[in-house]
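# Residue-level structural notes
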Amino acid sequence: MCGIVGYIGYKKTKEILLDGLSELEYRGYDSAGIAVLQNHTFSIFKTVGKLVNLKQKTKSYHPEGFAVGIGHTRWATHGKPTELNAHPHLGENSYVVHNGIIENYVPLKHELQQKGVKFLSQTDTEVIVWLFESELKSSSTPFEAFKKTLSRLKGSYAILLVSKSREDTIFFAKGGSPLILGINNADEKYFASSDAPLISHCKDVVYLEDGDFGYVTPSEITLIGANGIQKMPSFKVLATDKLSAQKDGYRFFMEKEIYEQSDVIADTLLGRLKDTHIAFEELDKDFFKGINEIKLCACGTSYHCALAASYLFERYAKIKVSVEIASEFRYKKPLLFKDMLFIAISQSGETADTLESLKMAKNAGLKTLTVCNVDNSSMVRQSDAAIFTRAGIEKGVASTKAFATQMAVFWMLSIYLADKKHSLQKDEIQKHISLLREVPACVKVDEEMHEKITRLSKRYLHGHGFFYIGRDIFYPLALEGALKLKEISYLHAEGYPSGEMKHGPIALADPELFTIALLPNHMLYEKTKSNVEELSARDSTICVISPQQFKKADDFIQTKQTSHYMLEFFEMMVATQLLALEIAVRLGHDIDMPRNLAKSVTVE
Ligand code: AGP
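First, a word on what this report is: a plain description of the structure on this page. (Residues numbered from 1 in each chain as written. Predicted model: local features only at pLDDT ≥ 70, side-chain atom pairs only at ≥ 80, totals over all residues. Heavy atoms only, no water.)

## A look at the site of the ligand
The line we're drawing: We call a residue near a molecule or strand as soon as one heavy atom of that residue lies within 4 Å of the molecule or strand. For this analysis, a polar contact is any N or O atom pair within 3.5 Å, provided that within protein one partner can donate a hydrogen and the other can accept it, and provided that sequence-adjacent residues contribute only side-chain to side-chain pairs. The method behind every accessible area is Shrake-Rupley, applied with a 1.4 Å probe, and residues are considered shielded solely by the protein chains displayed. Numbering of helices and strands runs from the N terminus; a helix is a DSSP stretch of H or I covering at least four residues, while a strand is a stretch of E covering at least two.
Of all residues adjacent to the ligand, which total 15 residues, the nearest are S302, S346, S348, T351 and E487. T301 places a main-chain nitrogen or oxygen 3.1 Å from an oxygen atom of the ligand. One nitrogen or oxygen atom from the side chain of K484 is found 3.0 Å from an oxygen atom belonging to the ligand. Computed on the free molecule, the ligand has an accessible area of 410 Å², of which 91% lies beneath the protein chains in the complex. Looking at the shell around the ligand, the elements that each hand over two or more residues are α8 (300-317) and α15 (474-489).

## Regarding the environment of D539
Relative to the helices and strands, D539 resides in the loop between α16 (525-537) and β23 (541-546). A sequence separation of 45 residues divides D539 from A584, and the C-alpha atoms of the two residues are 25 Å apart.

## Re the pattern of salt bridges
Let me state the cut-off plainly: Salt bridges are defined by distance alone: a side-chain nitrogen of Lys or Arg within 4 Å of a carboxyl oxygen of Asp or Glu. Only protein chains enter the accessibility calculation, which uses a 1.4 Å probe; a residue whose area is less than 20% of its type maximum is buried, one above 50% is exposed, and one in between is partly exposed.
A complete count under the given rule lists 32 salt bridges for this structure. Residue D212 is joined to K231 by a salt bridge in which the shortest nitrogen-to-oxygen separation is 2.9 Å. On the criterion of sequence distance, the pair formed by D212 in the loop between β11 (204-207) and β12 (213-217) and K231 in the loop between β13 (220-224) and β14 (236-237) is long-range, its members being 19 residues apart. Judged by its relative accessible area of 3%, D212 falls in the buried class. A salt bridge links K426 to D419, with the nearest nitrogen and oxygen atoms 3.0 Å apart. Classification of D419 by relative accessible area gives buried; the value is 15%. Here the residues in one salt-bridge network are K174, D210, E356 and K359, joined through shared partners.

## What to know about the sheet that holds strand β17 (residues 340-346)
By definition, the strands of a sheet pair up through backbone hydrogen bonds, in either a parallel or an antiparallel sense. The condition is simple: Strand pairing is assigned whenever DSSP detects at least two bridges linking the two strands. Angles run from 0 to 180 degrees between N-to-C directions of axes, and those axes are lines fitted to C-alpha atoms, restricted for helices to the stretch in contact. The criterion used for residue contact is that any of the two residues' heavy atoms lie within 4.5 Å.
Strand order in this open sheet of five strands is β16-β15-β17-β18-β19, and the pairing throughout is parallel. Edge strands, defined here as strands with exactly one partner in the open sheet, are β16 (320-325) and β19 (385-388). The average undirected angle you get between the axes of adjacent strands in this sheet is 20°. Contacting β15 (293-298), β16 and β17, α8 runs over the sheet at an angle of about 170° to β16.

## Some remarks on the environment of Q558
Mapped onto the elements of the fold, Q558 is located in strand β24 (residues 555-558). Assessed through its relative accessible area of 45%, Q558 is described here as partly exposed. Every residue in contact with Q558, bar those within four places of it in the chain, is listed here: M449, S546 and P547. Side-chain polar atoms of Q558 contact the backbone oxygen of P547, separated by 2.9 Å.

## Brief notes about helix α7 (residues 261-269)
Rules: The directions from the helix axis to the C-beta atoms form the arc being described.
Burial in α7 covers these residues: Q261, S262, V264, I265, T268 and L269. Looking down the long axis of α7, one finds its buried residues gathered within 170° of arc, a one-sided arrangement.

## Details of the nonpolar core
Where a protein is soluble and globular, its nonpolar side chains tend to be buried together. So the rule is basically this: Throughout this description, the term nonpolar core refers to a set of buried Ala, Val, Leu, Ile, Met, Phe, Trp, Tyr and Cys residues connected via side-chain atoms within 4.5 Å. Domains are outlined according to an automatic or database domain assignment.
One finds F313, I343, L413 and F570 to be the most contacted residues of the largest nonpolar core, which totals 97 residues. Counting only domains with at least three residues in this core, you end up with domain 2 (253-442) and domain 3 (447-587). Those residues in contact with L413 that lie beyond four places of it in its chain are F280, L283, F288, F313, I343, L369 and I387.

Written as structure tokens, this is what we have:
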């Protein structure tokens with residue numbers, strides 16, 4: 001989604017801004033721009049499409065010496081992806097970049113139009129800079145004008161503003177969207193909406209909190225907290241491990257991330273699987289005390305993990321579980337009780353709907369836990385405890401290894417809780433620990449299987465849709481398989497519990513409907529098989545993923561014989577990821593940055 005960078009200093013400002021934006025590229029965007037203020041003059045460049053266009057446009061621009069710059073990648077929400085709508089947005093003498101949504105921009109825009117302001121863009125963001133210009137006329141300092149501007153905004157934002165009214169300064173504010181300030185020893189200041197652009201420049205960073213605002217100059221940082229009182233910035237050392245990612249010879253980040261799953265799951269398990277029990281250092285020993293129900297809340301792939309986790313918690317830890325899509329949970333006025341544990345699941349830790357749901361649960365007095373891949377993310381900072389999935393940076397917009405590690409965490413967590421609640425015998429717990437140790441080997445990509453899937457993929461490029469079907473925990477996996485395919489192939493795909501077919505969906509069955517059937521040996525094999533036969537009888541084209549040959553299938557992807565359904569789950573997960581990948585490759589799509597999608601969805 002939208003990305004922000006900012007820089008004050010003496011180095012190559014253009015390169016710093018463009019490199020920073022490149023680091024944010026994987027998050028998804030459709031236009032980009034930079035504004036540099038130097039010697040009382042603004043230089044401004046904006047382009048639609050990929051950053052390479054912006055790089056081309058700025059090719060002959062080389063600012064030398066001290067400069068103040070801001071940059072932005074925009075994922076369109078208000079107004080189409082056009083140059084006019086791209087950030088930075090200009091007032092009279094100031095430019096602004098903004099992530100988030102200004103919800104009251106319509107009345108603000110009317111008010112400013114009545115004062116004679118002519119808006120150039122269709123964005124909500126442009127009101128920020130015009131409000132600032134308007135407040136400037138009646139304020140004693142530009143900072144006072146900035147403060148007054150912020151007090152008029154409703155919605156979510158991370159804002160950087162530069163103005164000729166105070167040339168050596170970047171004004172900043174955070175309200176709901178992430179923003180990080182970085183410093184080094186060279187009197188430079190950096191801003192970014194996530195860690196990655198800061199890594200090669202700063203060691204010390206401040207993760208700004210909601211309500212924080214202020215300004216920086218080369219020699220000064222003024223930071224005001226949500227209560228309006230000035231505060232000391234609280235610096236943290238920027239963790240640099242696993243943050244930079246290269247393709248390492250793979251065609252796409254997504255492919256690399258599928259192949260990496262074995263290693264990252266090994267990291268997820270590290271130190272947590274003991275001989276006789278499972279340990280989570282992050283949780284104090286009484287963390288689950290007084291908890292009688294778990295509410296799992298997430299979006300997209302993380303929601304599929306939540307659904308899958310609900311089967312494990314109920315089956316092994318015998319605890320009541322409800323699963324919520326965050327964007328629904330926020331507005332349904334849910335019943336919340338103090339004996340519920342609220343678990344937010346998020347790769348990024350920044351997804352706006354999940355973050356707001358977490359805040360709601362917290363405000364209602366619930367104990368909160370975040371299962372997350374990003375240290376220091378907003379959700380991690382908001383919750384009572386956090387468990388890290390340790391997948392390392394995930395660049396492909398279509399999540400793969402993040403999901404895999406989330407699933408490993410929840411399998412462990414359900415057994416951890418089962419142990420606490422004595423709902424499993426000691427020998428059963430040990431059995432799960434041994435099985436968990438097998439997961440890294442089981443998700444190692446089998447080259448033969450990959451080759452087979454590549455060959456098969458050519459038969460699945462047309463048709464009127466895909467059904468992914470499975471039962472029990474293989475139903476959320478079917479949902480996830482369908483989402484993967486949709487995201488990168490743009491083909492229509494739905495996941496269903498296989499028992500639901502006859503209640504309506506089977507009406508679509510014909511040879512042009514492709515069914516991807518998840519048929520594990522150790523979970524309701526016969527039941528699922530009957531459902532697949534029903535589809536086969538209606539001539540749907542069927543691809544079965546199973547350890548057992550299935551005669552009535554048109555195509556067959558064979559998984560290994562294992563001793564447990566969870567190992568089958570992980571292996572089938574890899575098969576569905578590869579199938580989506582190879583279909584999308586044949587269709588010639590952008591695998592890592594599919595159209596219309598963003599890696600981190602920081603608007604609701
Ligand atoms: C996954 O492939 C998606 N791109 C998307 O559904 C994602 O899982 C969702 O936006 C939630 O993101 P989060 O895990 O970072 O909160």
